[in-house]
Amino acid sequence: MCCSTIKKLLNYKFLNMTNQRITPEWIDSLKPNEVFVFGSNLEGMHGGGAAFVAYRKFGAVMGQGVGMQGQSYAIPTMHGGVEVIKPYVNEFISFAQAHPELVFLVTPIGCGIAGFSVAEIAPLFAAATKVTNIHLPASFWEVLD
């Protein structure tokens, strides 16, 4: 293994040991108080990626592209750059703060079909690092820590 790979593995292990608010890489079931947070489009056409998982497994509603639906929460990422995604992320963070009884498992929104990099999206979640019921992907924590 090269030095960068070892460093990445050590950093990942450190994150797992020190920060228990890491979203699992694969989610196929939820506890009753958990919410699957996924990237969507404004039209709510949940046809691929995490949006399709949210629709098939966690109650996402076709035609609803924003907010809480079933045991999922949609953040639109397919309608422009990060500057137009940010208000929806802020709205999500406020919603999570208002619902401390729920645990929000944020997927790497915008980093799949929408085509953004983790370096572009993770900073939008900087305020979420202080919200104890929001879990973020390890890749987001690597950018934010």
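Just above, that's the structure.
Residues numbered from 1 in each chain as written. Predicted model: local features only at pLDDT ≥ 70, side-chain atom pairs only at ≥ 80, totals over all residues. Heavy atoms only, no water.

A.B. asks: Got a sec to walk through the packing of aromatic side chains? Specific residues and values, please.
C.D. replies: Two numbers describe a pair of aromatic rings. These are the distance of the centres and the angle of the planes. Counted under the stated rule, the structure contains eight aromatic pairs. Every member of this aromatic cluster is reached through a ring pair, and the members are Y73, F92, F95, F104, F125 and F140. (Phe/Tyr/Trp six-rings, centres within 6.5 Å; stacked < 30°, edge-to-face > 60°.)

A.B. asks: Give a detailed account of helix α3 (residues 82–98), specifying residues and quantitative values.
C.D. replies: When the terminal C-alpha atoms of α3 are compared, their 24 Å separation across 17 residues agrees well with the 24 Å that a helix rising 1.5 Å per residue should span. For α3, every residue scored as buried is listed here: I85, V89, F92, I93 and A96. One side of α3 holds all its buried residues, which, seen down the axis, span an arc of 100°. Set apart from the buried face of α3 by more than 90 degrees, the exposed residues are E83 and A98. Looking at the buried residues of α3, the elements they touch are β1 (34–40), β3 (72–76), β4 (103–106), α4 (118–121) and β5 (134–135). (Helix = DSSP H or I, 4+ residues; strand = E, 2+ residues; numbered from the N terminus. Expected span 1.5 Å × (residues − 1). Buried < 20%, exposed > 50% of the residue type's maximum accessible area, 1.4 Å probe, protein only. Arc of directions from axis to C-beta. Contact = heavy atoms within 4.5 Å.)

A.B. asks: Residue-level account of the pairing of β3, with values.
C.D. replies: On a regular strand, each side chain points to the face opposite its neighbour's, so the side chains alternate between the two faces of the sheet. For β3, a buried count of five out of five residues is recorded, marking the element as mostly surrounded by other parts of the structure. Alternating positions in β3 separate into two faces, S72, A74 and P76 on one and Y73 and I75 on the other, with burial throughout. Both β1 and β3 contribute to a ladder of five bridges, which runs parallel. Among the inter-strand pairings, S40 is bridged to a residue of β3, identified as P76. One ladder, built from three bridges, connects strand β2 (residues 67–69) with β3; its direction is antiparallel. Paired with G67 across the two strands is A74, which belongs to β3. The hairpin formed by β2 and β3 contains two residues between the paired strands, and G70 there has a positive phi angle of roughly 60°. (Pairing = 2+ DSSP bridges.)

A.B. asks: Quick rundown of a nonpolar patch on the surface? Include the residues and the values.
C.D. replies: Residues M45, F52, Y55 and M62 make up a contiguous nonpolar surface patch of about 380 Å² in total accessible area. Tracing the backbone shows F52 in helix α2 (residues 49–57). Taking the relative accessible area as the measure of exposure, F52 reaches 37% and is therefore partly exposed. (Patch = residues over 30% accessible without salt bridge, like charges linked within 9 Å, V, L, I, M, F, W, Y side chains within 5 Å. Areas by Shrake-Rupley, 256 points an atom, 1.4 Å probe, with all protein chains shown as cover. Salt bridge = Lys/Arg side-chain N within 4 Å of Asp/Glu carboxyl O.)

A.B. asks: Just give me the short version of the environment of L136, but keep the residues and values in it.
C.D. replies: Here L136 shows up in the loop between β5 and α5 (138–144). Residue class for L136 comes out buried when judged on its relative accessible area of 0%. Counting along the chain gives 114 residues from L136 to I22, while the straight-line C-alpha distance between them is 5.1 Å. Look past the residues within four positions of L136 in its chain and what remains in contact with it is R21, I22, T23, V106, F125, A128, T129, W141 and L144.

A.B. asks: Got a sec to walk through the sheet that holds β5? Specific residues and values, please.
C.D. replies: In spatial order, the strands read β2-β3-β1-β4-β5; together these five strands make up an open sheet with mixed pairing. Of all strands in the sheet, those bounded by a partner on one side alone are β2 and β5. Pairing of β1 with β4 involves four bridges; the strand directions are parallel. When the sheet's bridge partners are listed, V35 is paired in β4 with F104. The strands that α2 touches are β1 and β3; relative to β1, the one it contacts most, it runs at about 135°. Relative to β3, α3 is tilted by about 155°, and along the sheet it contacts β1, β2, β3, β4 and β5. (Axes fitted to C-alpha atoms, helices over the stretch in contact; angles between N-to-C directions.)

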